[in-house]
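# Architecture at a glance
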Protein chains: 2
Amino acid sequence: MSTTIDVPESSNVVKGKEVLVVPARAGGWKKGIAIMDFILRLGAIAAALGAAASMGTSDQTLPFFTQFFQFEASYDSFSAFQFFVITMAIVGGYLVLSLPLSVVAIIRPHAAGPRLFLIILDTVFLTLATASSASAAAIVYLAHNGNQDTNWIAICNQFGDFCAQTSGAVVSSLVAVVIFVLLIVMSALALGRH
Amino acid sequence: MSTTIDVPESSNVVKGKEVLVVPARAGGWKKGIAIMDFILRLGAIAAALGAAASMGTSDQTLPFFTQFFQFEASYDSFSAFQFFVITMAIVGGYLVLSLPLSVVAIIRPHAAGPRLFLIILDTVFLTLATASSASAAAIVYLAHNGNQDTNWIAICNQFGDFCAQTSGAVVSSLVAVVIFVLLIVMSALALGRH
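Because the structure is a prediction, the values reported are computed rather than measured.

Per the secondary structure count, chain A includes 5 helices and 2 strands. Secondary structure elements in chain A, listed N-terminal to C-terminal, are α-α-β-β-α-α-α. For chain A, with 194 residues in total, the buried portion stands at 48%. Put simply, 78% of the contacts in chain A that link residues at least 6 apart link residues at least 24 apart.

Right, let's get into the relation of the copies chain A and chain B. Each copy of the sequence occupies a distinct position, and chain A is placed on chain B by a rotation of 180° and an axial shift of 0.0 Å, giving an RMSD of 0.0 Å. Accordingly, the operation relating the two chain copies is best matched by a two-fold axis. Residue Ser 135 of chain A of chain A places its C-alpha closer to the rotation axis than any other residue of that unit, at 2.1 Å. Both copies contact each other with a shared surface, as 95% of the interface residues of chain A are interface residues in chain B too.

Let us now look at the UniProt feature "transmembrane region" (unreviewed entry) in chain A. Residue and element names in this part refer to chain A. UniProt's feature table lists "transmembrane region" (unreviewed entry) at residues 38-58, 78-104, 116-143 and 169-191, given in the numbering used throughout. The span residues 38-58 carries 90% helix and 0% strand; its end-to-end C-alpha distance comes to 30 Å. The straight-line gap between the two end C-alpha atoms of residues 116-143 is 41 Å; of that span, 100% is helix and 0% is strand.

Here we come to the state of the cysteines. Residues and elements named next belong to chain A. Tallied over the entire structure, the rule returns 2 disulfides over all chains. Each disulfide pairs two cysteine sulfurs, and for Cys 156 the partner residue is Cys 163, the sulfurs being separated by 1.8 Å. The S-S bond linking Cys 156 to Cys 163 shows a torsion near -85°; that makes this disulfide left-handed. You can call Cys 156 buried: its relative accessible area is 13%. Note on Cys 163: relative accessible area 3%, which makes it buried.

What follows is about a negative patch on the surface. A cluster of acidic residues, Asp 59, Glu 72 and Asp 76 of chain A together with Asp 149 of chain B, forms a negative patch at the surface. Note on placement: Asp 149 of chain B falls in the loop between helix H4 (112-145) and helix H5 (160-192).

Here we take up the pattern of salt bridges. Residues and elements named next belong to chain A. A full pass over the atoms with the stated rule returns 4 salt bridges over all chains. A salt bridge links Arg 41 to Asp 37; the shortest N-O distance between them is 2.7 Å. Of this pair, Arg 41 and Asp 37 are both found in helix H2 (residues 28-56), 4 residues apart, which corresponds to roughly one turn of the helix. Each member of the pair, Arg 41 as well as Asp 37, carries the same accessibility label: buried. Shared partners join several salt bridges into a network, and the residues in it are Asp 37, Arg 41 and Asp 122.

The subject of this paragraph is the packing of aromatic side chains. In this description, a pair of aromatic rings is defined by centroid distance and the angle of the planes. Counted according to the given criterion, the structure contains 11 aromatic pairs over all chains. Ring geometry for Phe 78 of chain A against Phe 81 of chain A: centres 5.1 Å apart, planes inclined by 55°, an arrangement best described as tilted. For the pair Phe 78 of chain A and Phe 81 of chain A, one class covers both residues: buried. Where Trp 152 of chain A meets Phe 78 of chain B, the ring centres are 5.7 Å apart and the plane angle is 55°; that geometry is what we call tilted. Pair noted here: Trp 152 of chain A is in the loop between helix H4 (112-145) and helix H5 (160-192) and Phe 78 of chain B is in the loop between strand S2 (72-74) and helix H3 (79-107), and the two residues belong to different chains. Considered together, Trp 152 of chain A and Phe 78 of chain B belong to a single accessibility category, that of buried residues.

This brings us to the packing of H3 of chain B against H5 of chain B. Residue and element names in this part refer to chain B. Two elements in contact, H3 and H5, have axes whose closest approach is 12 Å; the angle formed by their N-to-C orientations is 40°. The hand of the H3/H5 crossing is left-handed. Listed contacts from H5 to Phe 81, Phe 84, Met 88, Val 91, Tyr 94 and Leu 95 of H3 are Phe 162, Thr 166, Ala 169, Val 170, Ser 173 and Phe 180. Counted by class, the contact of H3 with H5 contains 10 nonpolar, 2 polar and no charged residues.

Reading the values: the criteria
- Residues numbered from 1 in each chain as written.
- Chains lettered and ligands numbered in written order.
- Predicted model: local features only at pLDDT ≥ 70, side-chain atom pairs only at ≥ 80, totals over all residues.
- Heavy atoms only, no water.
- Helix = DSSP H or I, 4+ residues; strand = E, 2+ residues; numbered from the N terminus.
- Buried < 20%, exposed > 50% of the residue type's maximum accessible area, 1.4 Å probe, protein only.
- Contact = heavy atoms within 4.5 Å.
- Least-squares fit on C-alpha atoms with pLDDT ≥ 70 in both.
- UniProt positions renumbered as here; feature names shortened; annotations may be inferred.
- Disulfide = S-S within 2.5 Å.
- Patch = residues over 30% accessible without salt bridge, like charges linked within 9 Å, V, L, I, M, F, W, Y side chains within 5 Å.
- Areas by Shrake-Rupley, 256 points an atom, 1.4 Å probe, with all protein chains shown as cover.
- Salt bridge = Lys/Arg side-chain N within 4 Å of Asp/Glu carboxyl O.
- Lys, Arg positive; Asp, Glu negative; His and termini not counted.
- Charge placed at Lys NZ, Arg CZ, Asp CG, Glu CD.
- Phe/Tyr/Trp six-rings, centres within 6.5 Å; stacked < 30°, edge-to-face > 60°.
- Axes fitted to C-alpha atoms, helices over the stretch in contact; angles between N-to-C directions.
- Left-handed = near helix turned anticlockwise from the far one by under 90°.
- Nonpolar A, V, L, I, M, F, W, Y, C, P; charged D, E, K, R; others polar.

Okay, structure coming up:
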């Protein structure tokens with residue numbers, strides 16, 4: 001019994017020295033993961049804000065019109081695309097705000113707190129980013145191919161530029177989703193191995 | 001220097017006893033989290049397989065037909081719904097296979113390995129479940145409301161049962177997504193605090 005009580009005390013005493021001595025030896029790969037985390041976050045910011053900007057500026061008016069139809073397509077036409085612009089802007093904002101915590105993880109690679117905070121928030125925003133990306137992808141697919149059974153016609157024949165721009169935005173958001181998955185896996189590895 | 005080498009050795013010696021002595025004192029909440037993890041997984045299995053079955057059996061033929069149209073709606077009509085059935089079945093299968101690992105985490109609440117494995121796979125399958133759920137939700141929304149700008153008509157006036165069944169499947173899949181987020185947050189907390 002006495003040994004089990006002694007051990008946490010002695011490890012606490014050593015922890016004061018560990019900060020000074022150990023990082024150069026054992027904390028190297030954790031610091032590497034923290035630096036990679038920071039770089040990947042920068043990439044995800046570019047992907048998320050690029051997706052939001054690309055989708056938000058998608059607007060095409062055809063050079064002819066009739067009395068009844070205006071022949072204009074913009075992201076406003078589809079609620080999934082509006083959702084996409086809003087969520088991608090939110091995700092980009094979160095990623096910018098998460099950079100300071102990522103820096104803290106670089107400076108103190110052994111602290112579990114910042115990583116824990118990041119992994120939980122990353123999971124929430126991964127879900128948000130994936131949902132908006134997938135719903136926009138479903139609409140882009142319909143715009144390209146239409147649907148025979150419901151007589152929903154493909155609009156990409158007429159609105160080629162609009163479709164190209166929204167498809168690019170969806171691809172960019174998928175890049176952000178992949179980076180989020182990498183971030184969570186890396187944080188989990190850094191938390192689990194010690 | 002000699003103390004830093006001694007500490008991992010002494011903690012290894014104690015670890016053999018720790019399994020017998022410590023869990024009752026400090027490992028209680030970790031065991032609780034592991035048991036909650038197991039129960040939530042059972043709920044997620046029901047939600048995912050229920051969603052797949054509900055979507056997979058959605059099929060409605062209207063009681064009248066013309067020479068040109070058959071007026072039948074099934075999940076085959078939409079590629080997003082086919083994707084939904086396949087991915088929800090895969091997610092349900094993964095969750096069943098993950099139950100033994102969850103049991104291992106209950107038996108050995110201090111082992112990081114099973115939790116690490118689960119959190120990484122959970123993240124991947126969370127992404128898969130969210131993507132299929134969101135893309136199906138986008139199509140269900142279109143089926144309910146249609147889209148004025150592209151002349152995509154709402155089909156739920158005609159295919160009421162079909163729409164109700166697919167909407168139910170989407171709601172069920174969203175339950176699975178929420179449970180996945182909870183599972184990852186709980187695993188991260190159990191990994192990070194020690």
